[in-house]
Amino acid sequence: MKVLLTGDSIVVRYEGLKEPHINAYLKENFSDIEILNTAVPGINSRYLLAHVDELILKQEKADYLVILIGTNDCAFHKKIEEEEFWTNLNKVAKKILTKYDAKQVILVSPPAVDEEKQRVRDNETVEKYANWVQRVANDYGMHYLNLFHEMETDEHELEEICHGLRNDGLHFGKIGYQIFGDALIDEIRPKKWHQKIINKSQTATYTVTKLPLRILICNIRDCLYIVIKRMELIEERILDNPNWGLSLNKIIILGVLGLLWLFISTFR
């Protein structure tokens, strides 16, 4: 299994090890994993968009692409405003989807911080940027890992989670990487049961019989979100223009087609 990790310093920090801490943690849990880490300390969504080719698209295609972004966009002293952040992520997502299937991509939120030590970020702002990452993941059918939420709800206090060699309230150490790593493993490990089987002469297929219930539920949830958004758009058009010409029969047909698409998307 090949995994391409990219993002900012959270993804690439060694924290006293001989390789990025997240690389080492994943290797402890997967005997067959091959990791390429192209993360760059200090990058934001603007940099990611400008360098998406070298960081992602020109790299050998992996089974999973993991992107952690937003940590530096929400920093007070070098802030990328929310509207631009959202726009940048949308452009990055569209470029990524020229090479990867949406379900191979895991977008990760920026991490929570220890506000007692971190002077240029606060959790209220971090959460806003995490929500934008989630919105883009939902819009494009990608997986979303809410690292911010995982850290906020963990049994350890943020002061303990965010403690690392730099001890700046942001760059965490062992406990933080355990939380990050476990959450990432939860995103990757179940998919081993329904990975695409690919060879040079066959198209991709899924082993549906071993598809875990949790994955089915997640797929149905994602598909329902998109169907509901489409129906909301139809409703808005009807309200804006009573003469739009959409009869009850047409609405029923659209609903049936939506359910059919939902079924196909779940088991494809």
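Refer to the structure above for everything that follows.
Source: prediction; values computed, not measured.

A. Quick peek at empty space enclosed by the protein. Per the stated rule, a full pass over the model turns up one cavity of 30 Å³ or more. The space that makes up the largest cavity amounts to roughly 60 Å³. Leu-48, Ile-67, Ile-69, Leu-89, Val-92, Ala-93, Ile-96, Leu-107, Val-136 and Met-142 are the residues that line the largest cavity. Residues belonging to the lining of the largest cavity are distributed by class as follows: 10 nonpolar, no polar and no charged.

B. Inspection of the sheet that holds strand E5 (residues 143-145) at higher detail. Judged by pairing direction, the sheet is parallel, and its five strands sit side by side in the order E2-E1-E3-E4-E5 without closing on themselves. Of all the strands in the sheet, the pair left with one neighbour each is strand E2 (34-37) and E5. Here the average twist between neighbouring strands, direction ignored, is 20 degrees. Where strand E3 (residues 64-68) and strand E4 (residues 105-108) come together, four bridges link them in parallel fashion. Across the sheet, the residue bridging to Leu-65 is Val-105, located in E4.

C. Quick look at the packing of aromatic side chains. Scanning all chains against the criterion turns up three aromatic pairs. When the centroid spacing of 5.1 Å and the interplanar angle of 55 degrees are considered together, the rings of Phe-85 and Tyr-129 count as tilted. Pair noted here: Phe-85 is in helix H5 (residues 82-96) and Tyr-129 is in helix H6 (residues 123-140), with a separation of 44 residues, a long-range link. Across this residue pair, the class does not change: Phe-85 and Tyr-129 are buried. Taking 4.6 Å as the distance between ring centres and 65 degrees as the angle between the ring planes, the aromatic pair formed by Phe-172 and Tyr-177 counts as edge-to-face.

D. Highlighting H6. With 18 residues, H6 extends 26 Å between its outermost C-alpha atoms, agreeing within 8% with the 26 Å of an ideal straight helix rising 1.5 Å per residue. Taken as a whole, H6 has its buried residues at Asn-123, Thr-125, Val-126, Tyr-129, Ala-130, Val-133, Val-136, Ala-137 and Tyr-140. Down the axis of H6, the buried side of the element spans an arc of 160 degrees, and every buried residue falls inside it. The secondary structure elements touched by the buried residues of H6 are H5, E4, E5, helix H7 (147-152) and helix H8 (158-161). Of the residues one or two after H6, Gly-141 is the one with positive phi, at around 75 degrees.

Rules of the game
- Residues numbered from 1 in each chain as written.
- Predicted model: local features only at pLDDT ≥ 70, side-chain atom pairs only at ≥ 80, totals over all residues.
- Heavy atoms only, no water.
- 1 Å grid on protein atoms, 1.4 Å probe; cavity = no way out; pocket = protein on both sides within 12 Å on 5 of 7 lines; lining within 4 Å.
- Points joined across faces, edges and corners; volume = space filled by probe spheres on them.
- Nonpolar A, V, L, I, M, F, W, Y, C, P; charged D, E, K, R; others polar.
- Pairing = 2+ DSSP bridges.
- Helix = DSSP H or I, 4+ residues; strand = E, 2+ residues; numbered from the N terminus.
- Axes fitted to C-alpha atoms, helices over the stretch in contact; angles between N-to-C directions.
- Phe/Tyr/Trp six-rings, centres within 6.5 Å; stacked < 30°, edge-to-face > 60°.
- Buried < 20%, exposed > 50% of the residue type's maximum accessible area, 1.4 Å probe, protein only.
- Expected span 1.5 Å × (residues − 1).
- Arc of directions from axis to C-beta.
- Contact = heavy atoms within 4.5 Å.

No statement about biological role is implied by the geometric values presented.
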